[in-house]
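Chain residues, written in single-letter form:
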2 protein chains.
Amino acid sequence: MPSDPYAAARGALLDPANLRVWSMIATVFGDLALTKGAHIGGPVLSALMGEMDIRPEATRVALHRLRSKDAWITSEKAGRISQHSLTARGRRESLAAAKRIYAEPGAGADAWQVVLLESAGAEARIDMTRRGYAALAPRLFVGAVGAAPPEDALVLTPQDVPPWIGAQCEPKDLAHDYDALHERLARTAALGLEAATLSPLQTATLRCLIVHGWRRLVLRHPDLPRALYSDTWRGHDCHALVHALLQRLPRPSLADLDA
Amino acid sequence: MPSDPYAAARGALLDPANLRVWSMIATVFGDLALTKGAHIGGPVLSALMGEMDIRPEATRVALHRLRSKDAWITSEKAGRISQHSLTARGRRESLAAAKRIYAEPGAGADAWQVVLLESAGAEARIDMTRRGYAALAPRLFVGAVGAAPPEDALVLTPQDVPPWIGAQCEPKDLAHDYDALHERLARTAALGLEAATLSPLQTATLRCLIVHGWRRLVLRHPDLPRALYSDTWRGHDCHALVHALLQRLPRPSLADLDA
């Protein structure tokens with residue numbers, strides 16, 4: 001055990017190279033203030049961002065962008081304190097993403113399908129990605145059995161899972177990122193963190209760092225059954241570690257954070 | 001009715017542009033002398049080839065090739081008459097081809113499968129053709145449900161038949177040849193031929209012309225279910241006409257032909 005498990009966990013999870021401030025703020029609100037009417041006071045947000053080594057000026061700029069450009073956050077003054085909350089749009093999109101981010105490991109479909117389109121095109125590829133399919137060959141896509149294929153496509157049920165399929169389906173460009181995340185999460189899990197020994201601010205900080213690292217990868221590829229990944233794919237191991245760590249670090253209430 | 005239905009049928013079926021003499025001799029032996037021990041005497045073969053406007057010299061050259069190069073035909077003298085018969089190899093390969101040539105229309109499998117190979121290559125394509133598959137996309141093949149896929153391939157069961165699949169599976173290079181054959185066969189069928197009004201030599205001539213035109217197309221592509229062809233594909237209509245015509249023109253015995 002390190003003498004300061006929080007500092008060790010924070011050190012393992014903090015990844016300045018992959019920390020866009022506006023994106024981290026979206027993570028913070030998605031994790032801590034997703035319920036309707038929830039808001040985070042300016043001092044709590046500043047303290048959280050401070051724990052992540054984000055300067056107040058950078059937080060201010062990012063908040064401005066999330067308010068004016070993205071219509072994601074809305075802010076009100078209550079006395080001298082700003083109260084920030086998700087807009088209807090921010091909440092809707094955060095809720096949609098939360099289904100994937102906070103899904104139980106192993107809850108996805110095991111069965112999969114293969115879909116052949118009549119012809120190949122960039123638009124068709126984008127449409128298929130939106131439908132939850134991954135490209136396997138120019139006109140050929142794989143998806144979980146629940147994905148909805150386009151009309152007129154040839155829908156095929158696999159009879160078995162050849163050993164080479166994983167290497168062709170998984171998003172290879174994310175494999176190294178998952179390797180790196182896995183290393184960070186495993187180091188954190190090894191610290192044996194106990195929520196009881198952490199302040200609400202520390203717990204919230206670690207939760208947001210964990211969710212952020214996971215969110216920026218998992219939302220970039222479709223949710224395919226485990227069988228469609230190679231043995232070296234770390235995505236599912238990351239999912240299991242994220243889930244276990246978040247259970248060890250229960251979400252603090254906004255009231256506790258305010259105190 | 002034409003005054004000479006045989007001459008009209010012969011005129012409809014004879015296709016000098018597609019008549020390789022050695023290949024027609026293979027058709028003749030496959031249709032008339034497939035049983036073990038069957039042989040065709042030189043005069044009968046000459047008479048048959050004469051009905052097809054093939055000169056005796058061309059028949060001699062082709063017979064020589066089929067004996068020495070292909071080991072398909074063997075010849076013996078019985079008195080002054082040559083007796084020709086299939087070699088063991090010629091009979092084996094003719095028997096294998098006969099399954100396809102004389103198959104009942106509609107007897108093939110209705111169910112089909114799609115097979116994805118791990119990678120594409122010329123050798124894999126040849127192997128898949130040999131196994132009875134047709135190419136659909138670079139690594140993707142279709143076949144009847146009974147075809148045996150290579151080990152390690154991804155075997156897929158189609159859930160439906162999209163309307164565009166036929167145009168992608170059928171051997172387009174044969175479509176025009178089938179159109180032309182269909183036209184010849186339809187003209188022949190319209191003549192209302194009666195075997196009783198024909199000599200054994202005439203019946204054998206027409207049978208061999210019918211089988212030959214069909215054989216040179218049907219053996220050049222895999223036997224796929226009807227659903228995998230477009231509506232304009234004439235292959236199955238040709239099959240039905242070939243079958244009906246051969247039933248109207250029962251195979252004469254070699255003894256009748258000798259007489």
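Above: the structure in question.
Below you will find a few notes about this structure. None of these values were measured; they are calculated from a predicted model.

Definitions and limits used
- Residues numbered from 1 in each chain as written.
- Chains lettered and ligands numbered in written order.
- Predicted model: local features only at pLDDT ≥ 70, side-chain atom pairs only at ≥ 80, totals over all residues.
- Heavy atoms only, no water.
- Least-squares fit on C-alpha atoms with pLDDT ≥ 70 in both.
- Contact = heavy atoms within 4.5 Å.
- Pairing = 2+ DSSP bridges.
- Helix = DSSP H or I, 4+ residues; strand = E, 2+ residues; numbered from the N terminus.
- Salt bridge = Lys/Arg side-chain N within 4 Å of Asp/Glu carboxyl O.
- Buried < 20%, exposed > 50% of the residue type's maximum accessible area, 1.4 Å probe, protein only.
- Axes fitted to C-alpha atoms, helices over the stretch in contact; angles between N-to-C directions.
- Parallel < 35°, antiparallel > 145°, perpendicular 65-115°, else oblique.
- Left-handed = near helix turned anticlockwise from the far one by under 90°.
- Nonpolar A, V, L, I, M, F, W, Y, C, P; charged D, E, K, R; others polar.
- Buried area = accessible area lost by both parts, 1.4 Å probe.
- Polar contact = N/O pair within 3.5 Å; in protein donor to acceptor, adjacent residues only side chain to side chain.

## Some details on the relation of the copies chain B and chain A
No. 1: At an RMSD of 0.1 Å, chain B and chain A line up after a rotation of 179° and a shift of 0.1 Å along the axis. Here the transformation between the copies is reduced to the relation of a two-fold axis. By C-alpha distance to the rotation axis, the residue of chain B lying nearest is B:T157, at 2.5 Å.
No. 2: Comparing interface residues between copies, 100% of those in chain B also lie at the interface in chain A; the contact surface is shared.

## A word on the sheet that holds strand β1 (residues 40-41) of chain B
Residue and element names in this part refer to chain B.
No. 1: Reading across from one edge, β1-β3-β2 is the order of the 3 strands in this open sheet, with antiparallel pairing throughout. Where the open sheet ends on each side, the last strands, each with one partner, are β1 and β2 (73-78).
No. 2: Relative to strand β3 (residues 81-86), β2 runs antiparallel, the two being bridged by 6 bridges. Residue pairing across strands places E76 opposite Q83, the latter belonging to β3.

## Observations regarding the pattern of salt bridges
No. 1: A full pass over the atoms with the stated rule returns 24 salt bridges over all chains.
No. 2: Between A:R207 and A:D31 there is a salt bridge whose closest N-O contact spans 2.8 Å. Of the two residues, A:R207 sits in helix α9 (residues 200-218) while A:D31 sits in helix α2 (residues 21-32), which places them 176 residues apart along the sequence.
No. 3: Looking at A:R207, the relative accessible area reads 4%, which means it is buried.
No. 4: Exposure remark for A:D31: the relative accessible area of 1% places this residue in the buried category.
No. 5: For B:R60, the salt bridge identified is with B:E57, shortest N-O distance 3.0 Å. In this pair, B:R60 and B:E57 are both assigned in helix α4 (residues 56-68), 3 residues apart and thus about one turn of the helix distant.
No. 6: Owing to a relative accessible area of 53%, B:R60 belongs among the exposed residues under this scheme.
No. 7: Looking at B:E57, the relative accessible area reads 40%, which means it is partly exposed.
No. 8: Each of A:D31, A:R207 and A:R251 takes part in salt bridges that share partners, so that together they form one network.

## Details of the packing of helix α1 (residues 5-13) of chain A against α9(A)
Residue and element names in this part refer to chain A.
No. 1: At a closest axis distance of 10 Å, the pairing of α1 and α9 adopts a crossing angle of 20°. By the angle between their directions, the pair α1 and α9 is classed as roughly parallel. Judged by the twist between their axes, the crossing of α1 over α9 is left-handed. In this structure, α1 uses Y6, A9, R10 and L13 to contact α9, whose residues at the interface are Q202, T205, L206, L209 and I210.
No. 2: Residues belonging to the contact of α1 with α9 are distributed by class as follows: 6 nonpolar, 2 polar and 1 charged.

## Here we look at the interface of chain B and chain A
No. 1: Between chain B and chain A, the contact holds 23 residues from the first and 23 residues from the second.
No. 2: Between chain B and chain A the total buried area reaches about 2000 Å² when both faces are included, carbon and sulfur atoms providing 60% of it.
No. 3: At the boundary of chain B with chain A, the tally comes to 11 residue pairs in polar contact (both at pLDDT 80 or more).
No. 4: Within the residue set of the side of chain B that touches chain A, elements represented by two or more residues are β4 (112-116), β5 (134-137), β7 (154-158) and α7 (165-169) of chain B.
No. 5: Residue contributions to the side of chain B that touches chain A peak at 5 residues, all from β7(B).
No. 6: Across the side of chain B that touches chain A, the residue classes tally to 16 nonpolar, 3 polar and 4 charged.
No. 7: In this sheet, β7(B) lies alongside strand β7 (residues 154-158) of chain A in antiparallel orientation, the contact comprising 3 bridges. Paired with A:T157 across the bridge in β7(B) is B:T157.

As far as function goes, none of this settles anything; it's purely spatial.
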